[in-house]
Amino acid sequence: MELRLEHIKKRYGKQCALDDFGATLSEGVYGLLGHNGAGKTTLISILIGILEATEGRILLDGVDVKQMGTRYLDRIGYLPQYPLFYKNFRTDEFLKYMCALKAIPRSLVSSRIEEVLEQVNLTAAYKKRVGALSGGMRQRLGIAQAILNRPDILVLDEPTAGLDPGERIRFRNIISRLSKDKLVLLATHIVPDVEHIAKEILILNKGRLVMQGSPEQLEKQVEGKVWDVIVAEDEIEEWVESYQVRNVKRLDGEFLLRIVSDEAPSGRSHQVRPSLEDVFLSIFEK
Amino acid sequence: MLRLVYYEIRKNYLRSYVLAAILLFLVLNACMIYRGYVSGDGLMGYFMPHTRDTKVEWDFYHRMHRQLDGPLTADKARYVSDEYERLSALTADGTYNEQGQTDTYTGHIWNDYVMITKYFYEPMKYAASYEKEIEQVVVKAKDNVSFYQNYNNSYEQAKNKYIQDHYSGRKIPVFYDGKPWELLFNYRFSDLLILLLMLLGLVPIYAHEKETKMDDLMMSSRRGKGNMGLAKVLSAFIYIACLLLMFSGVNLATFAALYRLSGAGMPVYAIEAYQYTPVSLSVGGFYILLILLKMIGLAVAGLGLCLLSALFQRVIYPYLLGVLLFISGLYASGYLASVEAGYMVWALVSPFSLLKGHELLIDLLGVNIGYTFVLRLTVCVILQLIISIVLYGVIRLFSTSSRFSRSTGFAVKEGA
Amino acid sequence: MLYPEWHKLLIKQKGLLILGLMILIKIALTLQQGYDSSLIINRNPEGYAAYMNQYEGKLTAEKEQRLQAEYYAVVHAGAELDELARQWKDGEITQEAYESSSKQYYERMKNSAVFNVIYNQYYYAKEAPEERYLMDERGWSTLLGHSKPDFVLLLSLIIVLTPLFCHEYESGMDALLLSSSRGKYRTGAAKLVIGAMLAMIVTMIFTFIEYLCLDGMIGLPHGSFPLQSLEFFANSEYPVTLKQAFLALLLIRIVGAVLFAGCIACVGILSKRSIITLFTCSVLIFLPYILFPEKSLLYYLPLPSGLLAGTGYLWGTVYESAYSDQGTVEKFVKFQAIGRGVFLLLMIGYIVEIALLYLYSLKKYSRYMLRSRLRYKKQTKLPLPLSLLIIGFLILTGCDSRGKVEDVFSFDAGELRNYGETAEYAIQLDEEQSLITARHLATGEEILLTREPFRQEGMISTIFVRDDWCYYVTQTLGKEGIRIYGIDLKNFHQKLIYNSLRENTEDFFGLVSEQQDMEQISRNISPVYSLILNPNYIYYVVDAELVQIQRSTGREKVIARDVRAGLALAYYNGAIYYIDHQYRLNVYKELDGKVHPLESIYTDQFHIKNGELQYRSLLDDKRLQSYDLP
């Protein structure tokens, strides 16, 4: 399966929310990173068919999705940001409703619901009201409804916002399992969510695709530019003003700074292995 | 607190759709007044329509008023009376000539007669004879005081004493056109628009916080309770006050522009319909009093909407209940002049009765409370103040309900 | 998708509950509002029904003849009866002959008022007998003759249909819906269809509630008569029957409801917020009724208001009378009729508007148009218990107090209708000045009882004095109803005893205006002739009717229609004695609630003294005779 986005542009008056975005995606997990306002949600909205691009086209296996019509939507699963769903529906009722929306035949509804609930570990909450679910459970319900129609393309918008670390790990595991035969596009600004599971990262900044590649490839871009240095408390401010400081960690009266810099910032500093967050910082803190 | 109030105003009322609705309604209101002016509606057709056909009559009307307005002098009275007599004699045979006539004000003698009689002679006669008429009322009241005193009828005694005290010494020393003021007092369309805008602005005041889960955030803040209680209610009052001022201002300005309101300083009883009003204010002062009364009534109605909003999470239910309450409150206010005690109480409990301050004050309407005569208006205002305090208490209870956790002593949100 | 959306709207969003509540309110309001009628018919519905049964239907030559004959007979009934009485008194005919001959005149006099109503209807029908039939108009006039909006229906539609789209936006489900294959178009279309269907169903239910309630209360007979049989529709140019007019009204309202549902959907989709939708739709639907009350312009607007009122499309031109500046009564056009051709064009326009509105809403909802692959796949006169409850309640509250302690008090209306005495005072009514004075019997001091310093409201018609209280009746020109006040002669405290004047002045900003035109205002209301009170009941006589008011409930009942004006009427010990049109002495007894003629007592004058009824017997040469009262 191949999903190709060609020269996607979205303008609102004079403002450009997406500027000439292009990418070719296939099965696996793709992380879509960027600050708030970078264009992630705009891109997602265009991708799932609720917003029309000003220019450009999307091809799925070589066919323009506009030509495919609603058949294209059959191949999409979507989890929106901060979903409320219907609080007065029970979990099973809500999933049945989503089955109806996704044109799943009646004979398959029960088995399909059972299957997705098992996949997201929500079987126990079958009869619970959506409003009574915890944040993590609601997110899992969100994934459950997204995969009801066994989509080829799964689009998740900030899926781990508000989840505790345990839930986030569980979530990542679910995604990894699902991505075997699906294209999973995970939009987030929490880097660790995609760092370990994404096969490719797309970084958006001010509507443009500024970087694309596997985590390793992106990390290579800042190899040799990431430094650790220990400073006194009264020096911190000076360092923060002079360098791109990614992290400040307290160590018994002193502070360990992680800095992204082309040159070694001082004699006291030593080079460290870069991470994806360092890449993120190097792009957005310039 | 002021800051919180400011943010409440910004959050709930300074929104594009609210401001757009207010602007639209202000324009609509002015158009309605203009329409009434052009068609001559109101006061049982007292005024002629404003059309090309009536231009001559209206010119004459304004000309005469410019000549006669001001202190009521013997010369003016004589002039009008003489004109009336002259025209009466000319039209005594009852014939009506459709041909235009010369040496007339409006082109027809019959028209002149009707105009002089209706717009000048009768109003001036009323003004001139008011002092004597009301003095007779006071004399009767004085007689009644001693009469009822003899028979230990405290209520009637008190009522007639009230008449004696409040109606003595009245006279109308000026002559102005009071009917436009009467039209202004009777005008109610702007009240409807204010009520609709109150629904728009106040129904989501609490419901929206719950929808967006901001209520939890507020309650966990130091000033959260105050925000949810007093700040919102104060902001609602300010909103209502602004609406009332805007619409009252537009009403006054439009009426003044169209009808040329004059004689704001004349006593309100100079308007014939208000000859028995218990208040001795000027016409301008009376209009301000009506606005103040409306403010109280609307504020209580607004508190009702706030309470409904606090009870529900979605705006649909407080909207529905709010509309039903408005309808029943308005219906109840229709009984404010009722002679039956039960209906009257129902009317006085309804805050919408204060939207009809002109009806409460057009005649002497009182209530027997412990054999004392009390104006219905006074009772209504006191009742509304009591209701508003109760409503505020209940709103505060429902919007900020919390209890201390038994083990830790920290306040815990209900249901946690 | 229809079933899940129905379920969501009606069950999950509590639409069914709200509709149930609104239906109950509608039924209660419809029953409470009653039907159009006149005081004359209300006082004598049986007489009206009896006459109507004889003459209703198409006017034929034979019917006209009978009507004219009856008219002549009614007009002359009084004189004929007097002549018969004279003949009998002079001995020209026997008593039996008098009784048998006088009965017809007596009955006619009793029902003369309602016959006049029917005769006026006949006059109306006579002008176009092919189109205008004689009938009891009340029910159909109420159903078809008003253009007032059905508030409960409009509010129901707004409340139930607003969440149809708004809830999706507010809960964030819109994105999920739009990104689903069926959610994008089918769900949008399903929602619009559901909105339209629900609006149609609710409108039909509400219209049928009106129909059934009116049918239950007053009846809707002769649905096959022409529409012009109703005087209100005199100028209507539609050659339809009443039932057809009702069906047309229903169809028009359905179109209006569908248009309104489309407006709600469209505003909901555009605004995405419930409060804006609620507010905007309320303004859109209610303001036109206030801005254009009963004006034909309402029916031309591209808004649902005119359609939902509906009746105006069937009206002819309606005139209103008012005084001109010359002091004459002139007719003005209050409502200009909408011609048939124009009506047809308007309906086509509305249908086109509906189609465009729905398509626009669907387009806006689905936002970005993907080509939709077409798939043809087979892919749903008054509730009896309530009326029984109401009737039962009315019966229970109407139960009279038979068996209670009897009232030993006598009152002779002939002598005492404007005069009364207590131990201390002699009370006199000056009818012209509407003043009541009390003269102290011992000192001769005159006390004015009506001491209102301001103008006296209404005219005082009559007084009744007993047990140190003076009661009086006031009536206001042009207003139906009476007020009865009592003055305690110990401290001269005044108290309201009874009020049947309509007092509610609220017109809901012009929406329920009860403005009367000049003809209605200047219509004379008959003055009350005499008044009697006892602890349980109030009685008064107006025209030839004796009316009883139960003091505990305020219910009025006409207990006799044949009270001869100007002759004696007396109360004694729970019974009222009066002379009827046949000069018979009748008695109404509270104990059994019935009127009985006292056999063999024919008189033109009587009074009660010391427990004895003394009368001038017409059977015995006007000699004074007495009758022992029980």
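Residues numbered from 1 in each chain as written. Chains lettered and ligands numbered in written order. Predicted model: local features only at pLDDT ≥ 70, side-chain atom pairs only at ≥ 80, totals over all residues. Heavy atoms only, no water.

**Student:** Go over the overall build of chain A, please, and point to the residues and values.
**Tutor:** What chain A contains, in helices and strands, is 11 helices and 14 strands. The principal-axis extent of the C-alpha atoms belonging to chain A is close to 70 × 45 × 35 Å. Relative to its full complement of 286 residues, chain A shows a buried share of 55%. For chain A, restricting intrachain contacts to residue pairs at least 6 apart in sequence, the fraction spanning at least 24 positions comes to 70%. Of the roughly 12900 Å² of accessible surface on chain A, 45% is carried by carbon and sulfur atoms. Distance between charge centres in chain A, computed from 40 positive and 41 negative side chains, equals 9 Å. (Helix = DSSP H or I, 4+ residues; strand = E, 2+ residues; numbered from the N terminus. Buried < 20%, exposed > 50% of the residue type's maximum accessible area, 1.4 Å probe, protein only. Contact = heavy atoms within 4.5 Å. Areas by Shrake-Rupley, 256 points an atom, 1.4 Å probe, with all protein chains shown as cover. Lys, Arg positive; Asp, Glu negative; His and termini not counted. Charge placed at Lys NZ, Arg CZ, Asp CG, Glu CD.)

**Student:** Could you give me a rundown of the sheet that holds strand β1 (residues 3-12) of chain A, with the residues and numbers involved?
**Tutor:** Residues and elements named next belong to chain A. Read from one edge to the other, the open sheet built from four strands follows the order β2-β1-β4-β5, with strand pairing classed as antiparallel. Since the sheet does not close on itself, it has two edges, and those belong to β2 (15-25) and β5 (63-64), each with one partner. Bridge analysis of strand β4 (residues 55-60) against β5 gives two bridges, and the strand direction is antiparallel. Directly across from L59, in β5, lies its bridge partner D64. Across the sheet, helix α1 (residues 40-47) lies against β1, β2 and β4, angled at about 120 degrees from β1, the strand it touches most. (Pairing = 2+ DSSP bridges. Axes fitted to C-alpha atoms, helices over the stretch in contact; angles between N-to-C directions.)

**Student:** Mind laying out the environment of A:V240, listing which residues take part and the relevant values?
**Tutor:** Along the chain, A:V240 falls in helix α10 (residues 236-242). Spatially, the C-alpha atoms of A:V240 and A:E167 are 33 Å apart, while their sequence positions differ by 73 residues.

**Student:** Account for the domain arrangement of chain B, naming residues and giving values.
**Tutor:** Residue and element names in this part refer to chain B. As far as domains go, chain B holds domain 1 (2-42 + 177-413) and domain 2 (70-140). Each side of the interface is counted separately: domain 1 has six residues, and domain 2 has four residues. For the pair domain 1 and domain 2, the two sides together bury roughly 420 Å², of which 64% comes from carbon and sulfur. Broken down residue by residue, the surface that domain 1 buries against domain 2 is led by Y269, E272 and Q275, which jointly contribute 73%. Summed over the shared surface of domain 1 and domain 2, the result is zero salt bridges. Counting the contacts that link domain 1 with domain 2 gives two residue pairs in polar contact (both at pLDDT 80 or more). Split by residue class, the side of domain 1 that touches domain 2 holds four nonpolar, one polar and one charged. (Domains from an automatic or database assignment. Buried area = accessible area lost by both parts, 1.4 Å probe. Salt bridge = Lys/Arg side-chain N within 4 Å of Asp/Glu carboxyl O. Polar contact = N/O pair within 3.5 Å; in protein donor to acceptor, adjacent residues only side chain to side chain. Nonpolar A, V, L, I, M, F, W, Y, C, P; charged D, E, K, R; others polar.)

**Student:** A description of the domain arrangement of chain A should follow, citing residues and the corresponding values.
**Tutor:** All names here are of chain A. Segmentation of chain A into domains returns domain 1 (3-213) and domain 2 (220-284). A C-alpha centroid distance of 34 Å is found between domain 1 and domain 2. Counting residues at the interface gives 12 residues for domain 1 and eight residues for domain 2. Summing both partners gives a buried area of about 950 Å² for domain 1 against domain 2, and 81% of it is carried by carbon and sulfur. Where domain 1 meets domain 2, there are zero salt bridges. There are one residue pair in polar contact (both at pLDDT 80 or more) connecting domain 1 and domain 2.

**Student:** Quick rundown of the packing of aromatic side chains? Include the residues and the values.
**Tutor:** Applying the stated criterion across every chain, the model contains 75 aromatic pairs over all chains. Consider the rings of B:F147 and B:Y151, whose centres lie 5.1 Å apart with planes at 50 degrees: the pair is tilted. By relative accessible area, which is 9% here, B:F147 ends up buried. Plain terms: the ring middles of C:Y299 and C:Y313 are 5.0 Å apart, the flat faces sit at 80 degrees to each other, and that makes the pair edge-to-face. In this pair, C:Y299 is assigned in the loop between α15 (274-291) and α16 (304-309) and C:Y313 in the loop between α16 and β1 (318-323), connecting sequence segments 14 residues apart. Look at C:Y299 and you get buried, because its relative accessible area is 0%. Taking NZ or CZ as reference, B:K232 lies 5.5 Å from the ring centre of B:Y206, over its face. Positioned above the aromatic ring of C:F165 is the side chain of C:K191, whose terminal nitrogen or guanidinium carbon lies 5.9 Å from the ring centre. (Phe/Tyr/Trp six-rings, centres within 6.5 Å; stacked < 30°, edge-to-face > 60°. Lys NZ or Arg CZ within 6 Å of the ring centre and 35° of its normal.)

**Student:** I'd like a description of the environment of B:Q157, backed by residues and values.
**Tutor:** Residue and element names in this part refer to chain B. Mapping Q157 onto the fold places it in helix α6 (residues 154-167). On a C-alpha basis, the gap between Q157 and Y371 in space is 9.2 Å, while along the polypeptide they are 214 residues apart. With near-sequence residues (within four places) excluded, Q157 lies in contact with V145, Y148 and Q149.

**Student:** Which residues make up the UniProt feature "domain: ABC transporter" (unreviewed entry) in chain A, and what values go with them?
**Tutor:** The UniProt record annotates "domain: ABC transporter" (unreviewed entry) at residues 3-231 of chain A. Taken end to end, residues 3-231 of chain A is 34% helix and 30% strand, and its two terminal C-alpha atoms sit 48 Å from one another. (UniProt positions renumbered as here; feature names shortened; annotations may be inferred.)

**Student:** Before we move on, could you go through the side chain of B:S353 and cite the residues and values that matter?
**Tutor:** All names here are of chain B. With respect to the secondary-structure elements, S353 resides in the loop between α14 (341-349) and α15 (357-362). Judged by relative accessible area, S353 falls into the buried class, the value being 0%. If we ignore the near neighbours within four places in the chain, the residues touching S353 are S333, L336, A347, L348, L360 and C380.

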